[in-house]
Amino acid sequence: MKEIILGIITAALIFMAIIGINVMPVVVVLIIVGGLYYLLHAQGMLGVKNIGAAYEKDAELHFEDIGGQSSAVNELKEALEFLLKPEYIVNMGIRPLKGVLLIGPPGTGKTLLARAAANYTSSVFLVASGSEFIEMYAGVGAKRIRQLFNEARQKAKRLHKKSAIIFIDELEILGVKRGRHSSHMEYDQTLNQLLVEMDGIIQDKEPYILLIGATNREDMLDPALLRPGRFDRQVQVGLPDRSGREQILKIHTHNKPLNDDVDLMAIARATFGFSGAHLESLSNEAAILAMREGEEEIYQRHFSEAIDKVIMGEKLNHKPSAEELARVCVHESGHAIISEYTQRGSVSSISIIPRGKALGFMRKSPQDDQYLYTARQIEHQIMVALAGAMAEEIKFNSRSTGARNDFEQAWQLVGELVANGLSSLGIISREHLPDDKFFCETKTIIDRLEKQTREILQDYETLLEKLSDALVREESIDRQEFEKIIYPSLT
Ligand code: ATP
């Protein structure tokens, strides 16, 4: 439409110029009006910003393309029944759903679930993000909400669809508890409008509208959004477990040439805590690494390196000085010896190739997912974290700034011990425990574990030297080599 009007105006101007009319004043007026329109449009003042159009063409996604979220998929499918069989739902006297809230950490597939839901129900799909509704001008957000719902209805009618799904990502931005925000007038108006629109959804008339919201901060949402009749179905979309991760890896590698040595199960075991987005990035990085080496296929080693890259960042070119390198080698060897001492088979590799912010790192062997830890297991993790600095102290009589992250990790773990009632304080409420008491208890634990770690490393000082020397020479040591160096010295 815009293009046609512009075409007609240009043709009229040319015609006027040909027959000798002075068109300059008209051109100047048009430029001023156009500039003003552009400015207001950019600020959202005209409310014509196109919200919710991005994914329409791209909605061909099926629930089978989403790995590791079977319970979320089942819950969502159940909620979608009313779009598929509205009469049945009405006959059963069930109040149809207006909103489904997907709750989970970033990159776990919430957007994918919403897209698949639209495809499954053959609905029009509109997507918007909470941040798109928040402007400095009061009333703009509310206007955009109205626009979004109208757009959904109109589009469904135009495309002869029975239903429309509106997906709002980052719902917490516009659904934050009322009165909490500094510029709360605009936020409150926008949220109020969303509530009004949700209440106005009439579920016995086509096109049916379903709102799907996504957030990882449901604690920030205004209670009015969560009350029955609004987002009354809440679906948890958590991090995938081991078999879920394997499924996601299969999905993201099915179009890639994998060598026979690739073991997706082993990769899934080594990626505890990875989200679907991490696994997608991992598969992509492995393919890029294979391409850099000029390989025709992707090998297991590419995946191993891609895991390091996803966790720690890209390899860095800068080379630390020989002195720094010697220290990093001792530091990483300390971690590795205590890790192997406290849990046999736990070290997968050690490297001093700088990556991301780390000058070196020890990679743990793949393990089964673990959700519960005993006090001793946490203490062992704390000892592994402290071991780098202890090793430096034994070898150089001094520590360095390289242990800061290790110490942060150790403090966080020791806090877990206390909060879980696994310290000498017994069962406590962290909230009611005075800070000085908490500090005393955690410091006592850290000091005890520091002493134990130091004693073990002192017993194995020769081994520490041997391992760090090998690391200086080789730069990276894999499991096989590691075993050759430390056994049978380590008992
Ligand atoms: P955010 O909360 O940050 O918006 P999200 O939960 O909506 O994240 P998605 O946008 O759905 O995450 O996922 C991002 C990408 O990660 C997807 O495009 C896909 O490649 C991959 N991905 C995430 N989860 C899965 C999954 N369960 N199965 C397959 N791929 C996934």
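Structure first, text after, so check above.
Note that the coordinates shown come from a computational prediction; the quantities given were computed from them, not determined experimentally. (Residues numbered from 1 in each chain as written. Predicted model: local features only at pLDDT ≥ 70, side-chain atom pairs only at ≥ 80, totals over all residues. Heavy atoms only, no water.)

(A) Broad picture of the pairing of strand E1 (residues 99-103). For E1, a buried count of 5 out of 5 residues is recorded, marking the element as mostly surrounded by other parts of the structure. Going residue by residue along E1, you find Gly99, Leu101 and Ile103 tucked away on one face and Val100 and Leu102 tucked away on the opposite face as well. As judged from the 5 bridges shared by E1 and strand E4 (residues 208-215), these two strands associate in the parallel manner. If you follow Val100 over to E4, its bridge partner there is Ile212. By the bridge criterion, 4 bridges tie E1 to strand E5 (residues 233-236) in an arrangement that is parallel. Considered in E5, the bridge of Val100 is made with Arg233. (Buried < 20%, exposed > 50% of the residue type's maximum accessible area, 1.4 Å probe, protein only. Helix = DSSP H or I, 4+ residues; strand = E, 2+ residues; numbered from the N terminus. Pairing = 2+ DSSP bridges.)

(B) Up close: the packing of helix H18 (residues 461-474) against helix H19 (residues 479-486). Packing of H18 against H19 leaves a shortest axis separation of 10 Å and a crossing angle of 145°. For the pair H18 and H19, the sense of crossing is right-handed. Facing Leu463, Lys466, Leu467, Ala470 and Glu474 of H18, the residues of H19 in contact are Glu481, Phe482, Ile485 and Ile486. A class-by-class count of the residues in the contact of H18 with H19 yields 6 nonpolar, no polar and 3 charged. (Axes fitted to C-alpha atoms, helices over the stretch in contact; angles between N-to-C directions. Left-handed = near helix turned anticlockwise from the far one by under 90°. Contact = heavy atoms within 4.5 Å. Nonpolar A, V, L, I, M, F, W, Y, C, P; charged D, E, K, R; others polar.)

(C) Quick peek at the sheet that holds E4. Ordered in space as E2-E3-E4-E1-E5, the 5 strands form an open sheet in which the pairing is parallel. Each edge of the open sheet is held by one strand with a lone partner, namely strand E2 (124-129) and E5. Across the sheet, the mean angle separating the axes of adjacent strands is 20° when strand polarity is ignored. Relative to strand E3 (residues 163-169), E2 runs parallel, the two sharing 6 bridges. Within E3, the position partnered with Leu126 by the bridge is Ile166. Those strands touched by helix H5 (residues 110-120) are E1, E2, E3 and E4, and its axis lies near 175° from that of E3.

(D) View of a negative patch on the surface. Together, Asp260, Asp261, Asp263, Glu296 and Glu297 make up a region of like negative charge exposed at the surface. Classification of Glu296 as exposed rests on a relative accessible area of 71%. (Patch = residues over 30% accessible without salt bridge, like charges linked within 9 Å, V, L, I, M, F, W, Y side chains within 5 Å. Areas by Shrake-Rupley, 256 points an atom, 1.4 Å probe, with all protein chains shown as cover. Salt bridge = Lys/Arg side-chain N within 4 Å of Asp/Glu carboxyl O. Lys, Arg positive; Asp, Glu negative; His and termini not counted. Charge placed at Lys NZ, Arg CZ, Asp CG, Glu CD.)

(E) Broad picture of the pattern of salt bridges. Taken as a whole and assessed by the stated rule, the structure comprises 24 salt bridges. A salt bridge links Glu450 to Arg399, with the shortest nitrogen-to-oxygen separation between them at 2.9 Å. Note that Glu450 is positioned in helix H17 (residues 435-459) and Arg399 in the loop between helix H15 (375-396) and helix H16 (404-419), a separation of 51 residues in sequence. Two residues, Arg479 and Glu483, come together in a salt bridge whose shortest N-O distance is 2.8 Å. Here Glu483 and Arg479 lie together in helix H19, a separation of 4 residues that amounts to about one turn.

(F) Representation of the packing of aromatic side chains within the structure. One pass over the full model with this rule turns up 5 aromatic pairs. For the ring pair Phe125 and Phe167, a centre distance of 6.4 Å and an interplane angle of 25° mean the geometry is stacked. Here Phe125, found in strand E2, pairs with Phe167, found in strand E3; they are 42 residues apart in sequence, far enough to count as distant. Residue class for Phe125 comes out buried when judged on its relative accessible area of 2%. Since its relative accessible area comes to 0%, Phe167 is described here as buried. Centroid distance Trp411 to Phe439: 6.3 Å. Interplanar angle 15°. Geometry classified as stacked. Here Phe439 lies in helix H17 and Trp411 lies in helix H16, a separation of 28 residues in the sequence. Note on Trp411: relative accessible area 35%, which makes it partly exposed. (Phe/Tyr/Trp six-rings, centres within 6.5 Å; stacked < 30°, edge-to-face > 60°.)

(G) Region of the structure containing helix H10 (residues 242-253). Counted at 1.5 Å a residue, the expected span for H10 with its 12 residues is 16 Å, and the 16 Å between its end C-alpha atoms agrees. Taken residue by residue, H10 has Gly244, Arg245, Glu246, Ile248, Leu249 and Thr253 as its buried positions. The secondary structure elements touched by the buried residues of H10 are helix H11 (264-269), helix H12 (276-292) and helix H13 (300-312). (Expected span 1.5 Å × (residues − 1).)

(H) Quick look at the side chain of Ser283. Within the element layout of this structure, Ser283 appears in helix H12. Leaving out residues up to four positions away in the same chain, Ser283 has contacts with Leu249, His252, Thr253, Lys256 and Phe303.

In short, shape yes, function no, at least from these values alone.
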